[in-house]
There are 2 protein chains.
Amino acid sequence: MPANAQGTIPESSTAAIRFLAEHGYEATTAEDLAAAVGMSRSTFFRRFGSKDDVVFADHDHALAQLEEGLERTTLEPTAALVEGTTDVLRLLIRDPDAARLRFELMRLTPALRDRELVITHRYERVYTRYIREVQQPGTPSWVAPTLGASLVAAHNSALRSWLRGRVSDASRALSDDLRQLTALYAPWLSENDAPAERRVLVAVYDALGSPESVLDAVAEQLTR
Amino acid sequence: MPANAQGTIPESSTAAIRFLAEHGYEATTAEDLAAAVGMSRSTFFRRFGSKDDVVFADHDHALAQLEEGLERTTLEPTAALVEGTTDVLRLLIRDPDAARLRFELMRLTPALRDRELVITHRYERVYTRYIREVQQPGTPSWVAPTLGASLVAAHNSALRSWLRGRVSDASRALSDDLRQLTALYAPWLSENDAPAERRVLVAVYDALGSPESVLDAVAEQLTR
DNA sequence: GTGCATGATGGAACTGAGTCCCAAATCGCG
DNA sequence: CGCGATTTGGGACTCAGTTCCATCATGCAC
C-alpha cells in the first residue's frame with residue numbers, strides 16, 4: 001500500500017543488465033562490463049562486489065522493504081504475509097521493461113539462475129523467522145519453514161506467469177493465490193479459530209443448477 | 001522400502017570432505033584437494049567438475065533415486081511424496097559420521113551453503129513436476145510449486161534437527177511431519193474428495209477480505 | 001588563495017578456479 | 001604381444017576477484 005519508493009535503482013545496474021543481455025553474460029568480461037557502466041574495473045568490484053550481484057541489485061531493496069514491513073505491520077499474520085509478498089512482486093515489476101530484460105538475461109544464463117536461488121533464499125529466511133515469531137504456541141516445527149518456502153515459491157510462480165504473459169495483473173493474481181495458501185496454515189497463525197472472528201461459508205448445490213444461479217445465491221448471502 | 005543401495009559413494013568424495021573440513025575450504029586449493037584424493041588437478045576437474053561439487057556428490061544418487069521412485073510408485077500421491085522424501089533423508093544420513101562432517105564443513109563455509117541451495121533446488125523441480133502430473137484436474141497453479149518447495153523445506157528442517165541432536169529417529173520424525181503437510185494438500189491430490197453426483201463448495205476466508213474478493217474467488221472456482 | 005586531510009578512483013600485480021590441448025600411460029581385446 | 005581407444009597428467013591460458021599503492025577530487029581551516 002505504501003508503494004511509493006522513489007526507486008532509483010542505481011541506474012548503472014539496469015545499464016549493466018542491458019549490456020549483459022545484449023552481449024551475453026559469459027562473453028562479457030568484468031572489464032567490458034565496468035566500461036559499459038562507466039567506471040574502472042577496480043571501482044566496479046568495489047561497488048557491486050561481483051559480476052552477478054549487479055543483476056540482483058534491487059533485490060536488496062525489496063528484501064529490506066519486506067523485512068521492515070513485517071516488522072512494523074499491524075495486520076494479522078496471514079494478511080501481513082500476503083501484503084508483504086505482493087509488495088515485493090510489485091516492486092520487482094514496477095519497471096516492466098527492466099523486469100523482462102532481466103528475465104531474458106537469466107533465461108539465457110544458467111549461472112545467473114543459480115545465483116538467483118541464493119538471493120531468493122534470503123526471503124525464505126525472513127519469512128520463516130517472522131512466522132516463528134507470530135505462530136501460535138504449540139505449532140509444529142515444520143510449519144514455519146514450509147510456509148516460508150511456499151511463499152517464495154508462490155511469488156516466483158506468479159512472477160513467471162506474468163513474465164510469460166499469462167496474467168496481466170500479477171500482484172492481484174498473486175494475492176489471490178496467497179490468500180488460499182495462507183488459509184491452509186490459518187490454524188497455526190490466527191489466534192481465534194472460532195467462528196466469531198472468521199466466517200465460514202458453505203454452499204451446497206446439486207449439479208443441475210447453473211453456476212450463475214449459485215453465484216447469485218452466494219452474492220445475496222454476502223452482501224445482505 | 002527398497003532401501004538397499006550398495007551406496008559406494010565414490011569414496012574419494014568423503015575423503016575430500018574430510019580433507020576440506022580439516023584444512024578449511026577457502027584455504028584449500030584445487031591442487032591440494034586433488035592430491036588429497038589421489039589424482040591430478042586435471043582429472044579432478046574432469047571427474048567432479050568443480051571444487052564444490054565434490055561435496056555434494058551423493059545428492060546425485062539421492063536425486064536419481066527420488067526421481068525413479070516417484071516414476072515407478074504405485075502409492076497414492078501423498079504417500080508417494082512422504083515415502084520418497086524420507087527415503088532421501090535416509091540415504092543422506094546413512095553414514096552419520098559423514099553426514100555430520102559435511103554439515104560441519106558447510107557450517108563453516110558460506111560458499112558451500114550457497115551452493116547447497118542450488119543443489120536442493122533440483123529436488124524442488126522434481127517434486128513440482130510430479131505433483132503437476134498427479135494433481136486433480138482444476139487444481140490451482142500455485143499448488144504444485146508451493147508443495148514442492150515445502151517438501152524440500154520440511155526435509156531440510158528435519159535434517160537440521162537431526163544434525164543438532166534434537167531427534168534420534170530422523171526419518172520417523174520427517175514422515176510424521178510430511179503426513180501432516182501433505183494432508184493440507186489432500187483436496188488436490190486425492191481423487192476421492194469430491195462426491196460424484198453433487199459438488200460441495202467450501203470457502204473459508206478471513207474477516208478482512210471484502211465481500212467482492214470472496215465473490216471473485218467463488219466465481220473462479222465455479223467457472224473453471 | 002595555500003596547505004592539508006579524507007575519501008573515492010584507476011591501475012598494476014597477484015592468486016586461484018576452471019578450460020583447453022597435447023603427450024604419455026593404461027586398458028581392453030584379438 | 002600389438003594396437004586402437006579411453007583415461008590421465010601437465011602445462012599454458014583466460015578471467016574473476018583481491019590487494020596495494022598512486023592519483024585525484026573534495027572539503028575545510030587558516
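Every value quoted in this text rests on a predicted model; they were computed, and no experiment measured them. (Residues numbered from 1 in each chain as written. Chains lettered and ligands numbered in written order. Predicted model: local features only at pLDDT ≥ 70, side-chain atom pairs only at ≥ 80, totals over all residues.)

Visitor: I'd like a description of the overall build of chain A, backed by residues and values.
Guide: Secondary structure assignment for chain A yields eleven helices and one strand. Counted from the first residue to the last, chain A has its helices and strands arranged as α-α-α-α-α-α-α-α-α-α-β-α. Across the 224 residues in chain A, those meeting the buried criterion constitute 36%. Of the contacts made within chain A by residues no fewer than 6 positions apart, 62% connect residues no fewer than 24 positions apart. (Helix = DSSP H or I, 4+ residues; strand = E, 2+ residues; numbered from the N terminus. Buried ≥ 20, exposed ≤ 12 C-beta atoms within 10 Å, placed from the backbone. Contact = placed C-beta atoms within 7 Å.)

Visitor: If you had to explain helix α5 (residues 77-92) of chain B to someone new, which residues and values would you point to?
Guide: Residues and elements named next belong to chain B. With 16 residues, α5 extends 23 Å between its outermost C-alpha atoms, agreeing within 8% with the 22 Å of an ideal straight helix rising 1.5 Å per residue. What α5 keeps buried is the set Pro77, Ala80, Leu81, Val82, Gly84, Thr85, Thr86, Asp87, Val88, Leu89 and Leu91. Buried residues in α5 make contact with α4 (57-72), α7 (110-134), α8 (143-163), α9 (170-184) and α10 (186-189). (Expected span 1.5 Å × (residues − 1).)

Visitor: Requested: an account of the protein's contact with DNA strand D, with residues and values cited.
Guide: Taken together, Thr29, Ala30, Ser42, Phe45, Ser50 and Lys51 of chain A together with Met39, Ser40, Ser42 and Thr43 of chain B form the complete shell of residues around DNA strand D. Split by residue class, the surface near DNA strand D holds three nonpolar, six polar and one charged. (Near = placed C-beta within 6 Å. Nonpolar A, V, L, I, M, F, W, Y, C, P; charged D, E, K, R; others polar.)

Visitor: Mind laying out the packing of helix α8 (residues 143-163) of chain A against α8 of chain B, listing which residues take part and the relevant values?
Guide: As a packed pair, α8 of chain A and α8 of chain B sit with axes 8 Å apart at the nearest point and diverge in direction by 145°. Pair α8 of chain A / α8 of chain B crosses with right-handed handedness. Only Pro145, Thr146, Gly148, Ala149, Ser150, Val152, Ala153, Ala154 and Ser157 of chain B of α8 of chain B make contact with α8 of chain A, whose side of the interface consists of Pro145, Thr146, Gly148, Ala149, Ser150, Val152, Ala153, Ala154 and Ser157 of chain A. Its residues assigned to classes, the contact of α8 of chain A with α8 of chain B shows ten nonpolar, eight polar and no charged. (Axes fitted to C-alpha atoms, helices over the stretch in contact; angles between N-to-C directions. Left-handed = near helix turned anticlockwise from the far one by under 90°.)

Visitor: Help me get a handle on the environment of Thr146 of chain B, residues and values and all.
Guide: In this fold, Thr146 of chain B is placed in helix α8. The residues contacting Thr146 of chain B, other than those within four sequence positions of it, are Ser150, Ala153, Ala154 and Leu181 of chain A.

Visitor: Tell me about the nonpolar core, and please be specific about residues and values.
Guide: Among the nonpolar cores identified, the biggest contains 67 residues, and Ala154, Ala158 and Leu174 of chain A together with Ala154, Ala158 and Leu174 of chain B are the most heavily contacted of them. Apart from the residues within four sequence positions on either side, Ala158 of chain B is in contact with Leu89, Ala170, Ala173, Leu174 and Asp177 of chain B. (Core = buried A, V, L, I, M, F, W, Y, C linked by C-beta atoms within 7 Å.)

Visitor: Which residues make up the packing of α5 of chain B against α8 of chain B, and what values do they have?
Guide: Residues and elements named next belong to chain B. As a packed pair, α5 and α8 sit with axes 11 Å apart at the nearest point and diverge in direction by 35°. Crossing of α5 against α8: the hand is right-handed. Contacts between α5 and α8 pair Leu81, Thr85, Val88, Leu89 and Leu92 from the former with Leu151, His155, Ala158 and Leu159 from the latter. The class makeup of the residues in the contact of α5 with α8 is seven nonpolar, two polar and no charged.

Visitor: How would you explain the environment of Leu63 of chain B if you had to name every residue and give the values?
Guide: All names here are of chain B. Take Leu63: it is sitting in helix α4. For the pair Leu63 and Glu31, spaced 32 residues apart in sequence, the C-alpha separation works out to 29 Å. Not counting residues within four places of it along the chain, the set of residues in contact with Leu63 comprises Arg122, Tyr123 and Val126.

Visitor: Lay out the environment of Leu159 of chain A in plain terms, naming residues and giving numbers.
Guide: All names here are of chain A. On the secondary structure map, Leu159 appears in helix α8. A C-alpha to C-alpha distance of 8.9 Å links Leu159 and Leu92, two positions 67 residues apart in sequence. The residues contacting Leu159, other than those within four sequence positions of it, are Leu89, Leu92 and Ala170.

Visitor: Tell me about the confidence of the model for chain A, and please be specific about residues and values.
Guide: Predicted coordinates in areas of low pLDDT are best not read in detail. Residues and elements named next belong to chain A. On average, residues of chain A score 86 in pLDDT, and 81% of them reach the 70 mark or higher. Residue range residues 1-9 is modelled with pLDDT below 50. Its contacts to residues more than four positions away, or to other chains, number six contacts. Predicted confidence is poor over residues 194-200, with pLDDT under 50, and the contacts of this stretch with residues over four places away or in other chains come to eight contacts. (pLDDT = per-residue confidence, 0-100.)

Visitor: So, α8 of chain B: which residues are in play, and what are the values?
Guide: If you check α8 of chain B, its first and last C-alpha atoms are 30 Å apart, about what 21 residues at 1.5 Å a residue would give, namely 30 Å. Taken across its 21 residues, α8 of chain B has 16 buried, putting it largely inside the fold.

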